[in-house]
Amino acid sequence: MDTDRSWMYRRLQGGLLYPGFTERVQEFVNFALHHPACMSGPQIKCPCPKTRCKNTSYRDVETVKLHILQKGFVADYQVWVFHGEGNVLNPRPVAQLPEYDVDMENEGGDDFSSVQRMVIDATEPVFLGNSKHSPLSAAVKMLDIKCRHSGSVALVDDVTEFIQELLPEENKMPKNFAEIKKMVRGLGLPVKVIDCCLRNCMIYWGSDADLTRCKICDHERWKPPPKGNSVKRRVNVPYRKMFYFPITPRLQRLYASKATAKHMTWHAEHEMVDGKMCHPSDSPAWKHFSELHTEFAEEVRNIRLGLCTDGFQPFGAFGQNYSSWPVILTPYNLPPWMCMKNEFMFLTVIVPGPRNPKHQMDIFLQPLIAELNHLWEFGVRTFDVHRRQNFQLKAALMWTINDFPAYSMLSGWSTSGRLACPHCMENTDAFTLKGSRKQSWFDCHRKFLPRGHIYRRNTTDFRKGKTVNKEFSRTKTGEELLAEVDHLGFMKAYEIGAGTNNAAKSTDYGWNKKSIFWDLPYWKTNLIHHNLDVMHIEKNVFDNIFNTVLNVPGKTKDHAKSREELNDICDRPELAKDPITGRFPKALYALDKDGK
């Protein structure tokens, strides 16, 4: 193929097509058709400058030819990397690069141009005769050196200036740190900084992005300029802001790398061994989801996600009292030895502090839920480097995993008070202790035993004189929970008037809001919505048992206050207070000095 590509930008002459331009376009198409790795079936990428094309969309050959004849080629496309042209230093076809959403990757500029320039920088040598580095690899190496040695920007500028003196004049090595950043910009992942109300009432996002005052509390969005500052502030500074990292480009990159793409269908290919669940795909909840949403499940490359969040003290125990809340998503398509690794736990939202967001957590999850809805309904066109083909990638959120306080923040069901149990809900058997006024769930478990079980009639080893005849019916379905929340009139945290409305109703019911997760169209069909973190449960249970058995002062649950009310509830005369000494005898399970 002729390397002189000047004809590409000589399309018209006197209002007519330049002589020979049509024949050259046919040669270009023939060249593209000889590189099936860069095609999607019979279609090739259209290089015309139309917004929806620009080498990002596949078209049939005749449409591509028509577009080029009408509009010409996109600017600076003399290296046909999107149609099969590469070099020996980087033989990987460029079509294997993920197709990122332009608006998601770079809201303020032409994302395609930056990605195209980055691809060209990765295929050309730094200077003629060099076979070790491209301009992109040299820029990445300089950044790596800067980070490992904590170098300054001035240091990088001086080093690159010195390298320029060593290299030939016709070199493509970046000349300073600014050029390095510009060159590697396409490698980074997008982040959206969203302004928030000082009181966590709302975020300035979506239809509210242009507001200057909070629509809930009328607080100003921007900080006032410093007093005595005669120079007008050029940039408005918000009182508070959150960070949102879009999940779509990160999911696409899982299929853009050969190291991960081949593992993304493991969940559908492995077999359950001896009936033991080793992965979420072995669970009834996963299989139930697949049965209800067959179209989603048929494409095994569609991604299922889990979400978790918890408070985090960035300044440590001895620093400023500040609590931020990271929200993390994990793709479950990967095998268990991969999906729990740090590199596959995607930080998605950072909710700002310093206070706990509590029931207003949903306000900060709005961008994530909107993106999850888009991934469920429309998906995103993605290239699978393992199968060497494009497909429409979709994603679904299976459940959340949190500790008990965060469970309330996300689900909307209060985990404090007598109705704290999310299974029994309003049918709880919990009761209030008369002395301490604390809630107790003792002896609430016998209703789960089979009917006729001997423990149901036991009146001495559980609550004194009490038998249990009732049975636990079943856990409510998602449809029933949603209908109950709607019937009671609870609102979503981000809706106007939700704070007053929900606060008035939450005193009579276990609900405190309508969770934002109900916005997901499939959420009500899930068997499991919210899970409790195993780590917190194991640690808390172990600590309480261990400290009680060893009778650790200040940490045991078997203390004087609990003993005083014990015989009001249970038939334990051997544990009653000694009327002579005024002390409580040691329990049988507590170890003595020799036992410890």
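The following refers to the structure shown. (Residues numbered from 1 in each chain as written. Predicted model: local features only at pLDDT ≥ 70, side-chain atom pairs only at ≥ 80, totals over all residues. Heavy atoms only, no water.)

So, the side chain of Arg446
Here comes step 1: Checked against the element boundaries, Arg446 lands in the loop between strand 14 (439–440) and helix 17 (478–488).
Here comes step 2: Given a relative accessible area of 0%, Arg446 falls into the buried group.
Here comes step 3: Looking at Arg446, its side chain comes within polar contact range of the side chain of Asp443, at 2.7 Å.
Here comes step 4: In this structure the side chain of Arg446 is engaged in a polar contact, spanning 3.1 Å, whose partner is the backbone oxygen of Lys466.
Here comes step 5: Excluding anything up to four places from it in sequence, Arg446 contacts Tyr455, Arg456, Asn458, Phe462, Arg463, Lys466, Thr467 and Val468. (Helix = DSSP H or I, 4+ residues; strand = E, 2+ residues; numbered from the N terminus. Buried < 20%, exposed > 50% of the residue type's maximum accessible area, 1.4 Å probe, protein only. Polar contact = N/O pair within 3.5 Å; in protein donor to acceptor, adjacent residues only side chain to side chain. Contact = heavy atoms within 4.5 Å.)

A word on a nonpolar patch on the surface
Here comes step 1: Residues Phe404, Leu532, Ile537, Val541 and Ile545 make up a contiguous nonpolar surface patch of roughly 400 Å² in combined accessible area.
Here comes step 2: Considering every element that reaches the nonpolar patch, the biggest residue donor is helix 19 (residues 534–549), with 3 residues.
Here comes step 3: Position of Phe404 relative to the elements: it lies in helix 16 (residues 404–411). (Patch = residues over 30% accessible without salt bridge, like charges linked within 9 Å, V, L, I, M, F, W, Y side chains within 5 Å. Areas by Shrake-Rupley, 256 points an atom, 1.4 Å probe, with all protein chains shown as cover. Salt bridge = Lys/Arg side-chain N within 4 Å of Asp/Glu carboxyl O.)

Overview of the packing of aromatic side chains
Here comes step 1: All chains considered together, the criterion is met by 21 aromatic pairs.
Here comes step 2: Each ring, one from Tyr332 and one from Trp399, has its centre 5.7 Å from the other, and the planes form 50°; the classification is tilted. Highlighted residues: Tyr332 in the loop between strand 8 (325–331) and helix 13 (336–339) and Trp399 in strand 12 (residues 395–402), separated in sequence by 67 residues. By the burial criterion, Tyr332 is buried, and Trp399 matches it.
Here comes step 3: Consider the rings of Phe448 and Phe472, whose centres lie 4.8 Å apart with planes at 35°: the pair is tilted. Here Phe448, found in the loop between strand 14 and helix 17, pairs with Phe472, found in the loop between strand 14 and helix 17; they are 24 residues apart in sequence, far enough to count as distant. (Phe/Tyr/Trp six-rings, centres within 6.5 Å; stacked < 30°, edge-to-face > 60°.)

Some points on helix 11 (residues 284–292)
Here comes step 1: Ala285, Trp286, Phe289 and Ser290 are the residues of helix 11 that are buried. Projection of helix 11 onto a plane perpendicular to its axis shows the buried side chains occupying an angular sector of 140°, all on one side. Of the residues in helix 11, the exposed ones pointing more than 90 degrees away from the buried face are Pro284 and Glu291.
Here comes step 2: Packed against the buried residues of helix 11 are helix 10 (266–269), helix 12 (294–298), strand 7 (303–309), helix 15 (366–377) and strand 12. (Arc of directions from axis to C-beta.)

Details of the pattern of salt bridges
Here comes step 1: All chains considered together, the criterion is met by 20 salt bridges.
Here comes step 2: Measuring nitrogen to oxygen at the nearest pair gives 2.6 Å for the salt bridge that ties Glu471 to Arg451. Within this pair, whereas Glu471 is found in the loop between strand 14 and helix 17, its partner Arg451 is found in the loop between strand 14 and helix 17, the two being separated by 20 residues in sequence.
Here comes step 3: For Arg451, a relative accessible area of 60% puts it in the exposed group.
Here comes step 4: A salt bridge links Asp519 to Lys492; the shortest N-O distance between them is 3.3 Å. Here Asp519 is found in the loop between helix 18 (498–505) and strand 15 (530–532), whereas its partner Lys492 is found in the loop between helix 17 and helix 18, with 27 residues between them in sequence.
Here comes step 5: We classify Asp519 as partly exposed; its relative accessible area is 27%.
Here comes step 6: Taking relative accessible area as the criterion, Lys492 reaches 10% and is therefore assigned buried.
Here comes step 7: Taken together, the shared-partner salt bridges in this structure form one network comprising Arg213, Asp218 and Glu220.

Considerations on the side chain of Ser281
Here comes step 1: Tracing the sequence through the fold places Ser281 in the loop between helix 10 and helix 11.
Here comes step 2: Accessibility expressed as a relative area gives 7% for Ser281, which makes it buried.
Here comes step 3: With near-sequence residues (within four places) excluded, Ser281 lies in contact with His267, His270, Trp286 and Lys287.

Section: the environment of Ala139
Here comes step 1: With respect to the helices and strands, the residue Ala139 is situated in helix 5 (residues 135–148).
Here comes step 2: Distance from Ala139 to Lys524, taken between C-alpha atoms, is 49 Å for residues 385 residues apart in sequence.
Here comes step 3: Here Ala139 is in contact with Pro174, Ile180, Met183 and Val184, once residues within four sequence places are set aside.

Some words on the sheet that holds strand 8
Here comes step 1: Ordered by their spatial adjacency, 7 strands build an open sheet running 5-6-9-8-7-12-15, and the pairing between neighbours is mixed. What marks the edges here is a single partner per strand, and that holds for strand 5 (192–196) and strand 15. Ignoring which end each strand starts from, the neighbouring axes of this sheet average 25° apart. (Pairing = 2+ DSSP bridges. Axes fitted to C-alpha atoms, helices over the stretch in contact; angles between N-to-C directions.)

Read these as geometric descriptors, not functional statements.
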